[in-house]
Amino acid sequence: MKPHRPLPAALRLGLALALAAAGLVLPAAVEARTIALLIGIGQFDGVGLATPGERARLSLEGPPLDIAAMRRVVESQIGVRPEDISVLLDHDASRANIRAELAALVTRSQPGDTVLIYFSGHGTSQRDPDSRTGLPQGTSAWIPADFDWGNMDNIGERLISGRLDIRPLALEPLDRGGRKVIIISDSCFSGNIARGIGTPQGAVINRYVPLGDSAEPPAGLKAGDFTPPVYPYRNVLMLSASSDTEKAADLAQSRASLTVDGKPKGALTNALLRVFEGLAPADYDHDGKVSFVELRRAVLEDLAAKHLAQSPQLLPSLDQDPKGIIFSPVPGAPALAVGEQVDRLRVAIPESAATLGSALRGSGEIALVTGAADMMVTPGTAPDRLTLANGAGDLVALDVSGEAIVARLRAAAWARRLVAAGGAKIALVADTEPTARGGTFVIGRDSLQFAVKAGEPVWYLVLDIDPQGRLNLLWPTSGEENQRVPAGAVQTFGRTAATDPAGLDQVVVLAFPAQPAGIEAWSNLSAPFGSAEASGLAQWLAARGHAYAAATIDVRTVSPCQTKEASPCVP
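A few points on the structure.

1. Topic: the overall build of the protein
Helix and strand content of the protein: 10 helices and 26 strands. Buried residues in the protein amount to 54% of all 571 residues. By element, 54% of the accessible surface of the protein is carried by carbon and sulfur atoms, the whole surface being about 24000 Å².

2. Concerning the sheet that holds strand 23 (residues 490–497)
Sheet architecture is open: three strands sit in the order 18-20-23, paired in antiparallel fashion. Of all strands in the sheet, those with a lone pairing partner are strand 18 (428–433) and strand 23, marking the two edges. The mean angle between the axes of side-by-side strands here comes to 15°, regardless of whether they run parallel or antiparallel. As paired elements, strand 20 (residues 447–454) and strand 23 share six bridges and run antiparallel to each other. Pairing of Ser447 across the sheet is with Ala497, part of strand 23.

3. A word on the pattern of salt bridges
Enumeration according to the criterion identifies 20 salt bridges in this entry. Put simply, Arg33 and Asp113 hold a salt bridge, and the shortest N to O gap is 3.7 Å. Linking Arg33 in the loop between helix 1 (9–21) and strand 1 (34–40) with Asp113 in the loop between helix 4 (95–108) and strand 3 (114–120), this pair joins segments that are 80 residues apart in sequence. Owing to a relative accessible area of 24%, Arg33 belongs among the partly exposed residues under this scheme. Judged by relative accessible area, which is 3%, Asp113 ranks as buried. Notably, a salt bridge pairs Arg296 with Asp431, separated by 3.5 Å at the nearest N-O pair. Here Arg296 is found in helix 7 (residues 292–305), whereas its partner Asp431 is found in strand 18, with 135 residues between them in sequence. Assigned by exposure class, Arg296 and Asp431 land together as buried.

4. Regarding unusual backbone geometry
Pro316 follows Leu315 through a cis peptide bond whose omega is 10°. Position of Pro316 among the secondary structure elements: in the loop between strand 12 (313–315) and strand 13 (345–348). Omega for the bond connecting Trp475 with Pro476 falls within 30 degrees of zero, at -5°, which places this linkage in the cis form. Positive phi is not limited to glycine here, since His286 has a value of about 55°.

5. Description of the packing of aromatic side chains
The final tally for this structure, using the stated rule, is nine aromatic pairs. Ring geometry for Tyr231 against Tyr233: centres 5.3 Å apart, planes inclined by 85°, an arrangement best described as edge-to-face. What makes Tyr231 buried here is its relative accessible area of 6%. Judged by relative accessible area, which is 6%, Tyr233 ranks as buried. Here Trp414 and Phe529 contribute two aromatic rings whose centre-to-centre distance is 5.4 Å and whose plane-to-plane angle is 40°, an arrangement assigned as tilted. In this pair, Trp414 is assigned in helix 9 (residues 402–420) and Phe529 in the loop between strand 25 (526–528) and helix 10 (532–542), connecting sequence segments 115 residues apart. Assigned by exposure class, Trp414 and Phe529 land together as buried.

6. Considering the side chain of Gln320
Structurally, the position occupied by Gln320 is in the loop between strand 12 and strand 13. Among the polar contacts listed, one links the side chain of Gln320 to the backbone nitrogen of Tyr231, at a separation of 2.4 Å.

7. Details of the sheet that holds strand 12
An order of 2-1-3-7-9-12 is seen for the six strands of this open sheet, with the pairing classed as mixed. At either margin of the open sheet sits one strand with a lone partner, and together these are strand 2 (85–89) and strand 12. Sheet twist, expressed as the average angle between the axes of neighbouring strands with direction ignored, equals 10°. Here strand 3 pairs with strand 7 (residues 180–186) via seven bridges, running parallel. If you follow Phe119 over to strand 7, its bridge partner there is Ser185. Lying over the sheet, helix 6 (residues 267–276) contacts strand 3, strand 7 and strand 9 (236–240), oriented at roughly 125° with respect to strand 7. Each of strand 7, strand 9 and strand 12 touches helix 7; the most contacted strand, strand 12, lies at about 170° to it.

8. Things to note about empty space enclosed by the protein
Remark: the empty space left among the atoms is shown by a probe the size of a water molecule rolled over them. In this structure, the largest cavity occupies an estimated 190 Å³ of space. Surrounding the largest cavity, 18 residues form its lining, Ile78, Leu116, Ile182, Ile184 and Phe276 being those nearest its centre. Mapped by element, the contributors of at least two residues to the lining of the largest cavity are helix 3 (62–76), strand 3, strand 7, strand 9, helix 6 and helix 7. Residues of the lining of the largest cavity, tallied by class, amount to 16 nonpolar, two polar and no charged.

9. Let's talk about the nonpolar core
With 47 residues, the main nonpolar core has Ile184, Leu268, Leu272, Phe292, Leu295, Ile326 and Val330 as its most contacted residues. When contributions to this core are tallied by element, the ones reaching two or more residues are strand 1, helix 3, strand 3, strand 7, strand 9, strand 10 (249–251), helix 6 and helix 7. In terms of residues, this core owes the most to one element, helix 6, which gives seven residues. Excluding anything up to four places from it in sequence, Val330 contacts Phe276, Val290, Ser291, Phe292 and Leu295. Counting residues in each nonpolar core, the second largest holds 36 residues, with Ile117, Trp142, Val236 and Leu315 among its members.

10. Considering the packing of helix 6 against helix 7
Across the interface, helix 6 lies against helix 7 with an axial gap of 9 Å and an inter-helix angle of 120°. As the angle between them shows, helix 6 and helix 7 are arranged oblique. Of the two elements, helix 6 crosses helix 7, and the hand of that crossing is right-handed. Each of Ala267, Leu268, Asn270, Ala271, Leu272, Arg274 and Val275 in helix 6 lies in contact with helix 7, whose residues at this interface are Leu295, Ala298, Val299, Asp302 and Leu303. Considered class by class, the residues forming the contact of helix 6 with helix 7 number nine nonpolar, one polar and two charged.

11. Notes on the packing of helix 3 against helix 6
At a closest axis distance of 11 Å, the pairing of helix 3 and helix 6 adopts a crossing angle of 25°. By the criterion of interaxial angle, the relationship of helix 3 to helix 6 is roughly parallel. With respect to the hand of their crossing, helix 3 and helix 6 are arranged in left-handed fashion. Residues Asp66, Ala69, Met70 and Val73 of helix 3 touch helix 6, and the partners they reach there are Thr269, Leu273 and Phe276. Along the lines of polarity and charge, the residues of the contact of helix 3 with helix 6 split into five nonpolar, one polar and one charged.

12. Some points on the environment of Gly357
Structurally, Gly357 can be placed in helix 8 (residues 354–361). With 11 residues separating them along the chain, Gly357 and Leu368 place their C-alpha atoms 7.7 Å apart.

Rules behind the numbers
Residues numbered from 1 in each chain as written. Predicted model: local features only at pLDDT ≥ 70, side-chain atom pairs only at ≥ 80, totals over all residues. Heavy atoms only, no water. Helix = DSSP H or I, 4+ residues; strand = E, 2+ residues; numbered from the N terminus. Buried < 20%, exposed > 50% of the residue type's maximum accessible area, 1.4 Å probe, protein only. Areas by Shrake-Rupley, 256 points an atom, 1.4 Å probe, with all protein chains shown as cover. Pairing = 2+ DSSP bridges. Axes fitted to C-alpha atoms, helices over the stretch in contact; angles between N-to-C directions. Salt bridge = Lys/Arg side-chain N within 4 Å of Asp/Glu carboxyl O. Phe/Tyr/Trp six-rings, centres within 6.5 Å; stacked < 30°, edge-to-face > 60°. Polar contact = N/O pair within 3.5 Å; in protein donor to acceptor, adjacent residues only side chain to side chain. Contact = heavy atoms within 4.5 Å. 1 Å grid on protein atoms, 1.4 Å probe; cavity = no way out; pocket = protein on both sides within 12 Å on 5 of 7 lines; lining within 4 Å. Points joined across faces, edges and corners; volume = space filled by probe spheres on them. Nonpolar A, V, L, I, M, F, W, Y, C, P; charged D, E, K, R; others polar. Core = buried A, V, L, I, M, F, W, Y, C linked by side-chain atoms within 4.5 Å. Parallel < 35°, antiparallel > 145°, perpendicular 65-115°, else oblique. Left-handed = near helix turned anticlockwise from the far one by under 90°.

This is the structure in structure tokens:
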């Protein structure tokens, strides 16, 4: 058989002319498009609200401006044609209109297209501790503009929920029909809007309102052992403003100095705009693109820098993403490489803690400040006890010694530098499971584990910095664990119950493309940071150079008394 050779250019042209003369036209290749639906609700119709004051209490300043900004991004950077963008703003965003536009996405798009669904406004979920929505387990919901606030019967049927509306109308048919779907929800309790199967204060307004009777919810509605359902899609990516138990922030005019243009914005939307406008580099592995994993990391860091206590969620989770779609590039995001320059950890201490100040001033990685800080020390319940919180108000350590505070702060500063120095170009993501918890687990009720995934074969080293500044090696703890993990494989470890003390652990994940020699010497490490053992590990890691990729996980353990789910609460 002779090998196939392409036709000469002249012959191809002659054939095309002959076909055209005969009235036969070769079909043109269909170019994949992006179709967008943008929904923003800052003003409600006021159905069931007796006074203008009640309507004003529910209004949000950010959504109309969020929609305008996201439309610019969608048109100018993602390249969506104006005729392929649908917008529902304020009073136009009724429940019927939202449902109609969700359903229309199927007919507006073709196989191979990308469909973007964006929402900015109030949200709720079945894990909202102040509401009795009657929503199904494992779903969140948006509140439409025409919601009747005077009728609290059958609430779940009058919202736009993941399971009852978004999934059957749009996500399932789009996914089956070969579209790629990106859904972004800048609303409270939005961690499960696509799955479907310390609160900011002052001028930072919550995108949340309680629905229904705020008394104890129906039995089982917020059960602590609830396991999120299996993610049912193949080609649907979701980025939410918060977990399914958290509120999300609206940056009002008096805090607009925090936003990209000095105008009110949703906190998640503002963080996304910083990436798209090139103000927040997000190419962490320096591979020339920004993945959705990197986008979420940039958003998390932006919110933390603004001291906002919400944990954006990315779905699918590691163990439910066989195609690795979370590592796909973000359309239109500029691939600006993240540098290694790390600012010093800013710490605020009380005037009474002079001894603590003297101990911290000796560290070149810590700056003592009097204003906004990354970490804040306050007096404890006894003269020799101190409490530590981060800038978002999350409890890090409660009633511990000054020595423990010093160890925890120095460990945090060291971990910052260690993560920033990672130079291996490896896609890496690490998270807690269940992911919907947003990294917050209730002591005596929840269990958790860690999951990591890399784009190349790697050896993992995982460290935990506990609330009192102890450095603990979580992986590998034996020769059996010190093995190469294949590319794309999900490695889980550390399954445990949330236990005392309450506080914040920082888990550092390092991924090495080559097996690090001598790692077995640290398999039993559990020592205060600054001790001979912990210093030995730090020196051993420094000798490895920059040949690793790095990620961090914040794990918050809280007492049942810190939640609204315990009634009565017995400390």
